[in-house]
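Fold and contact review
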Amino acid sequence: GAAIALFAERGYQATTVADIAQAADIAPRTFFSYYPSKEDVLFADADHTFDELGATLRERPAGESTFDCLRRWISGVLDEFDPADPREQAVRAIVASSDALQARERRLMGRFEDVLAAAVATDLGEDASALRSRMVAAAAVAALWCMRDEDKGTEGHEPSLERLDEALAFLRAGTHALVGEPA
């Protein structure tokens, strides 16, 4: 909370770890026991999110495709997500204000891509490092990246889910084409 408020008030670059520690009434050493860097404050949930998605994909019911499972998982995430939450809006604005933070966000999406590639590989019966699995996962991440801000200012999550369903239809058809199945 304190870090986000300071970043929003002073700017990400102008805020130091010492400033954050002082606002949170902790020692800088204590800050570093929670976060390796001030950048990590903004992406603190990433590890949990990737672990949760990976487990969901690995534990999916037999016969459920990667993209059906991903749709189910994203729908659950959207049920808990409030884009109007001031903290969420502040984090988005802070990340958008910094090239370094945007680069970090893109690296995180690379991890998302790796998780998807492993699941797609299972669908295709191949190794996760195979070109086809990586290509499908890269297309999925690109589609999600393109649509992430599209529904700003709309009510509810229906527009997001509609766009997601369009992207998933495209990805399913591409995956089926790779294995020579009708879409």
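Residues numbered from 1 in each chain as written. Predicted model: local features only at pLDDT ≥ 70, side-chain atom pairs only at ≥ 80, totals over all residues. Heavy atoms only, no water.

1. Comments concerning the packing of helix α5 (residues 46-58) against helix α6 (residues 66-80)
In the contact formed by α5 and α6, the axes pass within 10 Å of each other and the chain directions differ by 135 degrees. Between α5 and α6, the angle falls in the class oblique. Here α5 and α6 pass one another in a crossing that is right-handed. Here Thr-49, Glu-52, Leu-53, Thr-56 and Leu-57 of α5 come into contact with α6, specifically with Thr-66, Cys-69, Leu-70, Arg-72, Trp-73 and Val-77. Across the contact of α5 with α6, the residue classes tally to six nonpolar, three polar and two charged. (Axes fitted to C-alpha atoms, helices over the stretch in contact; angles between N-to-C directions. Helix = DSSP H or I, 4+ residues; strand = E, 2+ residues; numbered from the N terminus. Parallel < 35°, antiparallel > 145°, perpendicular 65-115°, else oblique. Left-handed = near helix turned anticlockwise from the far one by under 90°. Contact = heavy atoms within 4.5 Å. Nonpolar A, V, L, I, M, F, W, Y, C, P; charged D, E, K, R; others polar.)

2. Here we look at the nonpolar core
Within the largest apolar cluster, 47 residues are counted, with the highest numbers of intra-cluster contacts made by Phe-7, Leu-42, Leu-70 and Phe-112. Ranked by the residues each element gives to this core, the list is headed by helix α8 (residues 99-124), at nine residues. Beyond its immediate stretch of four places on either side in the chain, Leu-42 contacts Ile-4, Phe-7, Tyr-12, Val-91, Ile-94 and Leu-101. (Core = buried A, V, L, I, M, F, W, Y, C linked by side-chain atoms within 4.5 Å. Buried < 20%, exposed > 50% of the residue type's maximum accessible area, 1.4 Å probe, protein only.)

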